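Listed below, chain by chain, are the residues.
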Amino acid sequence: MKAEYDFSKMKSRKNPYATKLKKPVSMRLSEDVIEYFKEMAVEAGVPYQSLINLYLRDCVMTHRKVQIAWPLDKA
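Presented here is an overview of the structure given in this document. (Residues numbered from 1 in each chain as written. Predicted model: local features only at pLDDT ≥ 70, side-chain atom pairs only at ≥ 80, totals over all residues. Heavy atoms only, no water.)

### A look at the overall build of the protein chain
Moving on, step 1. For the protein chain, the helix and strand inventory stands at 2 helices and 0 strands.
Moving on, step 2. Taking 2.2 N^0.38 as the reference for a compact globule, 75 residues should give roughly 11 Å; the C-alpha atoms of the protein chain span a radius of gyration of 22 Å, well beyond that estimate.
Moving on, step 3. Taking the principal axes of the C-alpha coordinates as reference, the protein chain spans close to 80 × 30 × 25 Å.
Moving on, step 4. For the protein chain, the residues scored as buried account for 7% of the 75 residues in total.
Moving on, step 5. Only carbon and sulfur atoms are counted for the fraction: they give 57% of the accessible area of the protein chain, which is about 8400 Å².
Moving on, step 6. Counting 14 positive and 9 negative side-chain charges, the protein chain places the centres of these two groups 15 Å from one another. (Helix = DSSP H or I, 4+ residues; strand = E, 2+ residues; numbered from the N terminus. Rg over C-alpha atoms; globule rule 2.2 N^0.38 Å. Buried < 20%, exposed > 50% of the residue type's maximum accessible area, 1.4 Å probe, protein only. Areas by Shrake-Rupley, 256 points an atom, 1.4 Å probe, with all protein chains shown as cover. Lys, Arg positive; Asp, Glu negative; His and termini not counted. Charge placed at Lys NZ, Arg CZ, Asp CG, Glu CD.)

As structure tokens, then:
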């Protein structure tokens with residue numbers, strides 16, 4: 001093994017995993033939602049944040065849309 005290597009002549013290339021990196025975000029979640037995912041994470045043997053990410057990824061892959069039903073205002 002050489003004591004020193006010359007990397008100046010190497011060609012650079014794009015990181016193939018760069019698109020797979022995760023971006024940190026801050027979110028406000030209800031305590032019951034966090035507890036729900038923490039319990040499921042224990043059962044699944046994965047960190048709860050990874051479980052939330054997996055769930056959201058599944059929503060993206062299946063194009064799941066949220067259905068919100070707001071209560072009608074009786075004015």
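From this point, the discussion proceeds with the structure in view.
### Structural notes on unusual backbone geometry
Moving on, step 1. One non-glycine residue, His-63, lies in the positive phi region at around 55°.
Moving on, step 2. Summarising the element assignment, His-63 is placed in the segment after helix 2 (48-61).
Moving on, step 3. Residue His-63 is classed as exposed on the basis of its relative accessible area, which comes to 63%.

### Observations concerning the packing of aromatic side chains
Moving on, step 1. What the rule picks out here adds up to 3 aromatic pairs.
Moving on, step 2. Here the aromatic rings of Tyr-36 and Phe-37 are separated by 5.4 Å at their centres, their planes lie at 85°, and the arrangement is edge-to-face.
Moving on, step 3. Overall, the relative accessible area of 11% leaves Phe-37 in the buried class.
Moving on, step 4. Ring centres of Phe-37 and Tyr-55 lie 6.0 Å apart, and the angle between their planes is 65°; this geometry places the pair in the edge-to-face category. Separated by 18 residues along the polypeptide, Phe-37 in helix 1 (residues 31-44) and Tyr-55 in helix 2 bring together distant segments of the chain. (Phe/Tyr/Trp six-rings, centres within 6.5 Å; stacked < 30°, edge-to-face > 60°.)

### As for a nonpolar patch on the surface
Moving on, step 1. On the surface, Met-1, Tyr-5, Phe-7 and Met-10 cluster together into a nonpolar patch covering about 590 Å² of accessible area.
Moving on, step 2. You can see Phe-7 is positioned in the segment before helix 1.
Moving on, step 3. Using a relative accessible area of 58% as the deciding quantity, one classes Phe-7 as exposed. (Patch = residues over 30% accessible without salt bridge, like charges linked within 9 Å, V, L, I, M, F, W, Y side chains within 5 Å. Salt bridge = Lys/Arg side-chain N within 4 Å of Asp/Glu carboxyl O.)

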